[in-house]
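Descriptive structure summary
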Amino acid sequence: MLSRNQLASLGLFCGAALLARPALAQNQPSVPAANQAIGLVSDSLTLGGTVQAVLDANPGVTNLTELANAANSRLSQTQAGFLPQITGSATYTRIDPVSQFQIAPGTESLAFAPNNNFDAHLTAQYELYDFGKRAASTNLSRSQVQTAQDNIVVARRDLAFSAAQAYYNILFARESIRVQDQQIASLVAHRNEMQKRVDAGVSTKFDVTTTDVRITQAQNQKLELQNQLQNQQVQLARLLHKPQQADVPVRGRLSYEPQAVNLESELAKAATNRPEAKLAKDAEVSADLQSKLTAKSNLPVLGVGVQAGGKNGYLIPGVPPAEALQRIRFNTVGVAQLSLPIYDGGKNRKQRVEAAANYRAAQARTQDTQEQIRADVRQAVNNMQFSQARYDNAQQQVAQATDALERARGRYRYGVGQNLDVLDAETQLAQARLARAQAMYNYTLGQYQLRRATGEQIWQ
């Protein structure tokens with residue numbers, strides 16, 4: 001039977017587990033291959049099915065995916081700058097009046113331009129040379145695409161570990177309830193035996209009443225554990241975006257399968273695979289590319305263009321002016337232009353100072369991220385080692401408490417022990433079993449924490 005302080009600790013532990021860093025994968029229950037691929041057994045979810053269902057249901061992943069698509073689109077827009085730009089236009093202009101003159105008094109007036117002016121043409125423009133500005137802009141856009149893709153990886157990983165936590169929180173709550181059921185069943189059996197002794201006149205009613213009190217306390221604690229289980233199911237339903245579903249069916253039981261861990265190997269793996277390290281490096285690369293783009297933005301640009309089309313308003317030799325001005329004639333225009341910034345008030349110089357500072361800040365963030373990653377790996381390994389020691393100790397406690405209970409029952413049965421000794425032994429056994437379940441839970445989450453710290457994925 002659990003004390004109130006122990007029960008409160010259990011509740012706090014279960015609640016904190018959802019906020020703590022997730023930890024490594026426990027082996028899933030054995031299921032048929034076809035069902036295991038989708039994580040479904042009958043109508044319940046395995047660990048893999050829970051993780052995949054959460055990933056499929058979460059709109060945050062969709063949001064980041066669309067942001068990555070937008071970044072890809074911006075990259076395509078930037079790359080379009082390497083191609084010519086072609087536009088077409090058509091205009092009509094009415095001029096009234098137009099300038100006219102007479103060669104001699106009494107002769108017909110000649111107009112310098114028609115009243116109705118038509119102009120239609122195609123224009124092709126191309127930046128012939130920009131000293132690498134377009135290339136720098138494209139590289140920056142490509143880096144931003146990589147950052148968007150790495151953000152998706154981080155989001156999926158965090159969701160996967162949240163799903164794994166919720167899954168194992170439910171298994172831990174169920175295991176705690178099973179421990180409580182075992183205690184209640186044992187107390188009820190003991191109470192029935194004592195009632196027989198009371199009926200036979202060899203024991204007092206006081207012992208039965210005392211045992212009834214312990215049974216009621218154990219039943220109350222079971223109710224609190226059931227409430228915690230329901231809260232964990234609500235949490236999983238929220239992750240699945242099914243808030244109306246109070247009881248999400250999950251399949252499995254806590255198990256304990258220790259693994260050998262090499263700290264140096266795990267540190268090397270984390271330095272290579274951890275998505276936070278990749279994101280930090282992405283930010284550093286983007287800051288460097290932005291600095292290079294800023295340095296080139298004040299350089300000249302050489303462009304060329306050509307225009308071809310038809311318009312009226314031309315004088316044609318041998319054609320009466322009034323008629324020539326109305327004819328549509330083919331015409332072309334070619335242009336080469338060099339744009340050279342001369343003075344911008346020092347704006348570009350200040351932008352370069354800002355870009356250089358951002359790059360140094362990104363380098364510092366990368367270093368800090370790497371140190372945090374190493375700390376995460378060490379903490380995960382420490383947690384696993386501690387939980388492994390706790391499990392070994394809990395196993396010994398269960399064996400000792402089982403032996404103590406058998407001895408207390410034997411002493412009471414032969415009238416040389418007290419009922420209180422049996423009840424205390426029942427409580428100690430229940431506490432030892434719960435400590436073993438909690439050690440299994442902690443070790444399982446420690447495994448997930450290590451995989452998270454090293455950048456491994458559990459949904460594959």
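About the cut-offs
All chains use their own residue numbering, which begins from 1 and follows the written sequence. At least 70 in pLDDT is required for a residue's local features to be given in this predicted model, at least 80 for side-chain atom pairs to be given and counted, and no such filter applies to totals for whole chains, interfaces and linings, which use all residues. Hydrogens and water are ignored here; the side-chain numbers use all heavy atoms of the structure. Each Phe, Tyr or Trp ring, with Trp reduced to its six-membered ring, pairs with another whose centre is within 6.5 Å; inter-plane angles below 30 degrees give stacked pairs, above 60 give edge-to-face pairs, and intermediate values give tilted ones. Working definition: with a 1.4 Å probe on protein chains only, accessible area under 20% of the residue-type maximum means buried, over 50% means exposed, and in between means partly exposed. Each helix is a run of DSSP H or I of at least 4 residues and each strand a run of E of at least 2, with the numbering of both proceeding from the N terminus. Here, nonpolar core refers to any group of buried Ala, Val, Leu, Ile, Met, Phe, Trp, Tyr and Cys residues whose side-chain atoms link them within 4.5 Å. In what follows, a contact means two residues having at least one pair of non-hydrogen atoms within 4.5 Å. Strand pairing is assigned whenever DSSP identifies at least 2 bridges connecting the two strands. Any residue with relative accessible area above 30% and no salt bridge may belong to a patch, with like charges joined within 9 Å and the nonpolar Val, Leu, Ile, Met, Phe, Trp and Tyr side chains within 5 Å. Accessibility throughout is a Shrake-Rupley quantity obtained with a 1.4 Å probe, and a residue counts as covered only by protein chains that appear here. A pairing counts as a salt bridge when a side-chain nitrogen of Lys or Arg comes within 4 Å of a carboxyl oxygen of Asp or Glu. To estimate the expected span of a helix, subtract one from its residue number and multiply by 1.5 Å. As used here, the arc is the angular range of directions from the helix axis to the C-beta atoms. In this analysis an axis means a line fitted to C-alpha atoms, helices contributing only their contacting stretch, and an angle means the value between N-to-C directions, from 0 to 180 degrees. In this scheme the crossing of two helices becomes right-handed for a clockwise turn of the near helix relative to the far one and left-handed for an anticlockwise turn of less than a right angle. Just so you know the grouping, Ala, Val, Leu, Ile, Met, Phe, Trp, Tyr, Cys and Pro go in nonpolar, Asp, Glu, Lys and Arg go in charged, and all remaining residues, Gly too, go in polar. For classification purposes, angles smaller than 35 degrees are called roughly parallel, those larger than 145 roughly antiparallel, those between 65 and 115 roughly perpendicular, and all remaining angles oblique. UniProt positions are given in the numbering used here, feature names are shortened, and annotations may be inferred rather than shown by experiment.

1. What to know about the packing of aromatic side chains
Throughout the structure, instances matching the rule amount to eight aromatic pairs. Geometrically, the ring pair formed by tyrosine 167 and tyrosine 168 is edge-to-face, given 5.1 Å between the ring centres and 90° between the ring planes. A relative accessible area of 1% means that tyrosine 167 is categorised as buried. On the basis of relative accessible area, tyrosine 168 is assigned to the buried category, the value being 3%. Where phenylalanine 172 meets tyrosine 441, the ring centres are 4.7 Å apart and the plane angle is 25°; that geometry is what we call stacked. Separated by 269 residues along the polypeptide, phenylalanine 172 in helix 5 (residues 133-199) and tyrosine 441 in helix 11 (residues 419-454) bring together distant segments of the chain.

2. Considerations on the nonpolar core
Judged by nonpolar contacts, the single largest core of 47 residues is most densely connected at Leu47, Val54, Tyr168, Leu236, Leu254 and Val377. Put simply, the parts of the chain that give this core at least two residues each are helix 3 (47-57), helix 5, helix 6 (205-239), helix 7 (263-273), helix 10 (347-413) and helix 11. Examining the composition of this core, we find that 13 residues originate from one element, helix 5, more than from any other. When residues no more than four places from it in sequence are discounted, the contact partners of leucine 236 are Thr50, Val54, Ala166, Ile170, Val248 and Val250. Counting residues in hydrophobic clusters, the runner-up holds 12 residues, among them Val398, Ala401, Leu405 and Ala408.

3. Quick notes on the pairing of strand 6 (residues 116-129)
Note that strand 3 (residues 85-94) and strand 6 share 10 bridges and pair antiparallel. Across the sheet, residue glycine 88 finds its bridge partner in strand 6, namely leucine 122. Bridge count for strand 6 against strand 7 (residues 301-311) is 10 bridges, and the pairing is antiparallel. What sits directly across from threonine 123, in strand 7, is glutamine 307.

4. Quick notes on a nonpolar patch on the surface
On the surface, Tyr126, Leu128, Tyr129, Phe131, Leu302, Val304 and Leu338 cluster together to form a nonpolar patch covering roughly 610 Å² of accessible area. Of all the secondary-structure elements, those providing two or more residues to the nonpolar patch are strand 6 and strand 7. In this fold, tyrosine 129 is placed in strand 6.

5. Let's talk about the pattern of salt bridges
Under the defined criterion, the tally for this structure stands at 22 salt bridges. The partner of glutamate 456 in a salt bridge is lysine 269, with the nearest N and O atoms 3.1 Å apart. Of this pair, glutamate 456 sits in the segment after helix 11 while lysine 269 sits in helix 7, placing them 187 residues apart in sequence. Ionic pairing is found between glutamate 406 and arginine 409, a salt bridge with its closest N-O pair at 3.6 Å. Taken together, the residues span about one helical turn, with glutamate 406 and arginine 409 both in helix 10 at a distance of three residues. Looking at arginine 409, the relative accessible area reads 22%, which means it is partly exposed. Through salt bridges with shared partners, one network takes in Arg157, Asp158, Arg274, Glu276, Asp376 and Arg452.

6. Observations concerning helix 4 (residues 59-79)
With 21 residues, helix 4 extends 30 Å between its outermost C-alpha atoms, agreeing within 8% with the 30 Å of an ideal straight helix rising 1.5 Å per residue. Residues of helix 4 that are buried: Val61, Ala68, Ala71, Leu75 and Thr78. Each buried residue of helix 4 lies within a common arc of 90° when the element is viewed along its axis, so the set occupies one face. Buried residues along helix 4 sit in contact with helix 3 and helix 5.

7. A word on the sheet that holds strand 3
Spatially, the four strands line up as an open sheet ordered 3-6-7-8, and their pairing is antiparallel. Every other strand in the sheet has two partners, leaving strand 3 and strand 8 (329-339) as the edge strands with one partner each. Strand-to-strand twist of the sheet, defined as the mean angle between neighbouring strand axes without regard to direction, takes the value 20°. Sheet analysis places strand 7 next to strand 8, joined by 11 bridges and oriented antiparallel.

8. What to know about the packing of helix 7 against helix 10
Where helix 7 contacts helix 10, the two axes come as close as 10 Å, and the packing angle between them is 140°. Of the two possible hands of crossing, helix 7 and helix 10 adopt the one that is right-handed. Two secondary-structure elements touch here, helix 7 through Leu263, Glu266, Leu267 and Ala270 and helix 10 through Ile373, Arg374, Val377, Arg378 and Val381. Of the residues assigned to the contact of helix 7 with helix 10, the class counts are six nonpolar, no polar and three charged.

9. Things to note about the packing of helix 8 (residues 275-296) against helix 10
Relative orientation of the contacting elements helix 8 and helix 10 amounts to 165°, with a least axis distance of 8 Å. With respect to helix 10, the element helix 8 is oriented roughly antiparallel. Once helix 8 is placed against helix 10, the crossing between them reads as left-handed.

10. Focus: the UniProt feature "coiled-coil region" (unreviewed entry) in the chain
Residues annotated in UniProt with the feature "coiled-coil region" (unreviewed entry) correspond here to residues 213-242 and 377-411. Across residues 377-411, helical content stands at 100% and strand content at 0%; the span's end C-alpha atoms are separated by 51 Å.

11. Section: unusual backbone geometry
At the junction of aspartate 96 and proline 97, the peptide bond is cis and its omega measures out at 0° in the coordinates. Here proline 97 shows up in the loop between strand 3 and strand 4 (100-101). Residue phenylalanine 131 is not a glycine yet carries a positive backbone phi of 60°. Inspection of the secondary structure puts phenylalanine 131 in the loop between strand 6 and helix 5.

12. Side note on the environment of glutamine 226
Its place among the elements puts glutamine 226 in helix 6. For glutamine 226, a relative accessible area of 30% corresponds to the partly exposed category. In sequence terms glutamine 226 and alanine 173 are 53 residues apart; their C-alpha atoms lie 7.6 Å from each other.

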